[in-house]
Amino acid sequence: MSLAERLRQALAAGQDGELALLTGDVQDEEVAGVPASPAAVLIAVTDRAEPGVLLTVRTATLSKHPGQIAFPGGRIDASDVSPTAAALREAHEEIGLPPHTVDVVGIADRYRTVTGFDVTPVLGVVPPDLVLAPNPAEVADVFEVPLAFVLENSNHLAASAEWRGRTRHFYEIMWDGRRIWGATAAIIVNLSRRLQWTA
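Owing to the predicted nature of the structure, the values given are computational and were not obtained by experimental measurement.

What counts, and where the lines are drawn
Residues numbered from 1 in each chain as written. Predicted model: local features only at pLDDT ≥ 70, side-chain atom pairs only at ≥ 80, totals over all residues. Heavy atoms only, no water. Helix = DSSP H or I, 4+ residues; strand = E, 2+ residues; numbered from the N terminus. Buried < 20%, exposed > 50% of the residue type's maximum accessible area, 1.4 Å probe, protein only. Contact = heavy atoms within 4.5 Å. Areas by Shrake-Rupley, 256 points an atom, 1.4 Å probe, with all protein chains shown as cover. Phe/Tyr/Trp six-rings, centres within 6.5 Å; stacked < 30°, edge-to-face > 60°. Lys NZ or Arg CZ within 6 Å of the ring centre and 35° of its normal. Expected span 1.5 Å × (residues − 1). Pairing = 2+ DSSP bridges. Salt bridge = Lys/Arg side-chain N within 4 Å of Asp/Glu carboxyl O. Arc of directions from axis to C-beta. pLDDT = per-residue confidence, 0-100. Axes fitted to C-alpha atoms, helices over the stretch in contact; angles between N-to-C directions. Parallel < 35°, antiparallel > 145°, perpendicular 65-115°, else oblique. Nonpolar A, V, L, I, M, F, W, Y, C, P; charged D, E, K, R; others polar. 1 Å grid on protein atoms, 1.4 Å probe; cavity = no way out; pocket = protein on both sides within 12 Å on 5 of 7 lines; lining within 4 Å. Points joined across faces, edges and corners; volume = space filled by probe spheres on them.

A. Highlighting the overall build of the chain. Within the chain, the secondary structure is distributed over four helices and eleven strands. Counting across all 199 residues of the chain, residues that qualify as buried make up 48%. Partitioning the contacts of the chain with sequence separation of at least 6, the portion at a separation of at least 24 is 66%. Carbon and sulfur atoms make up 53% of the accessible area of the chain, which totals about 9,900 Å².

This is the structure:
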């Protein structure tokens, strides 16, 4: 069975399960009822014996979330026919990932951020070792982290910090000296709960 089919089956099988909502960063009274901007990100899984996930490091000059680790993605434009189209377009613009190379698996659980975005994660499989061309205005680096590592529950570290006068609770995933946290980590944690993935 192909990796894409395994992921597709795991995503479908998980739809009947109970998902614990993440608190602090989302799902609280501060964002309840407040309109959010639709956005989409691409969870690009590399098709290899030990699959990985492509992540980016945002440039330090960006006005929002500079230097943070993120999935390729961004706002859904009026010209985008779907969240999937937006995620593929953004991945092409940000890291030079050709849309035709992505085998789209499906849509994972949406995530609402306190910064005003309603994010749709699009799960897809891409060939390994693609030659990518990061846009230096947006992306400082692209790297691959093992899928099994980020989906492993024991690597999801609960953390908290003061932000705008409130204590925010979030997840961190530490890998190879890199700190994956905030919305990116939350989307990974939700995906892990959805897939119940085994290597």
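B. Representation of the packing of aromatic side chains within the structure. Considering all chains together, one arrives at two aromatic pairs under this definition. Sitting over the ring of Phe143, Arg178 keeps its end group 4.0 Å from the ring centre.

C. Expanded view of helix α4 (residues 182-195). In a regular helix each residue adds 1.5 Å, so 14 residues correspond to 20 Å; α4 covers 20 Å between its end C-alpha atoms and thus fits that length. Extensive coverage of α4 is indicated by the burial of twelve of its 14 residues. For α4, the set of buried residues is Gly182, Thr184, Ala185, Ala186, Ile187, Ile188, Val189, Asn190, Leu191, Ser192, Arg194 and Leu195. Where α4 terminates, the next one or two residues include Gln196, which has phi positive at roughly 50°.

D. A look at the pairing of strand β10 (residues 166-175). In terms of strand pairing, β10 meets strand β11 (residues 178-181) through four bridges, oriented antiparallel. Bridge pairing links Met174 to Arg179 in β11. Between the end of β10 and the start of β11, which pair antiparallel, lie two residues, with Asp176 showing a positive phi angle near 50°.

E. Spatial organisation of the pattern of salt bridges. Tallied over the entire structure, the rule returns twelve salt bridges. Linking Arg48 and Asp129 is a salt bridge whose minimum nitrogen-to-oxygen distance equals 3.1 Å. Linking Arg48 in the loop between β1 (37-46) and β2 (52-58) with Asp129 in the loop between β7 (117-126) and β8 (139-146), this pair joins segments that are 81 residues apart in sequence. Exposure remark for Asp129: the relative accessible area of 62% places this residue in the exposed category. One salt bridge connects Arg89 with Asp77, and the closest N-O pair in it is separated by 3.3 Å. Highlighted residues: Arg89 in helix α2 (residues 83-95) and Asp77 in the loop between β4 (73-75) and α2, separated in sequence by twelve residues. Assessed through its relative accessible area of 35%, Asp77 is described here as partly exposed. Bridged by salt links that share partners, the residues Asp77, Asp80, Arg89, Glu90 and Glu93 form one connected network.

F. Seen up close, helix α1 (residues 3-13). Within the sequence span of α1, burial applies to Leu3, Ala4, Leu7, Ala10 and Leu11. On an axial view of α1, the arc spanned by its buried residues comes to 130°, and they lie on one face. At its buried positions, α1 is contacted by β1, β5 (103-107), β7 and α4.

G. The arrangement of the environment of Ala148 in detail. Within the secondary structure, Ala148 is located in helix α3 (residues 147-151). Separated by 95 residues in the primary sequence, Ala148 and Val53 have C-alpha atoms spaced 9.4 Å apart.

H. Region of interest: the confidence of the model for the chain. Counting all residues, the mean pLDDT for the chain is 86, and 83% of those residues have values of 70 or more. Put simply, strand β9 (residues 157-163) is where the chain has its lowest mean pLDDT, 79, and α2 is where it has its highest, 97. Ignoring residues within four places in sequence, the model shows residues 17-27, a span with pLDDT below 50, making 29 contacts including any to other chains.

I. Broad picture of the packing of α1 against α4. Running from N to C, α1 and α4 cross one another at 85°; their axes reach a closest spacing of 7 Å. With respect to α4, the element α1 is oriented roughly perpendicular. The segment α1 lies against α4, with Leu7, Ala10 and Leu11 engaging Leu191, Arg194 and Leu195. The residue inventory of the contact of α1 with α4, partitioned by class, reads five nonpolar, no polar and one charged.

J. Representation of empty space enclosed by the protein. On inspection of all chains with the given rule, the structure shows two cavities of 30 Å³ or more. Considering the residues around the second largest cavity, the lining is formed by Ile43, Val53, Phe71, Leu147, Val150, Leu151, Ile188 and Leu191. Those elements giving two or more residues to the lining of the second largest cavity turn out to be α3 and α4. The dominant element in the lining of the second largest cavity, judged by the number of residues it contributes, is α3, at three residues. Residue composition of the lining of the second largest cavity, grouped by class: eight nonpolar, no polar and no charged.

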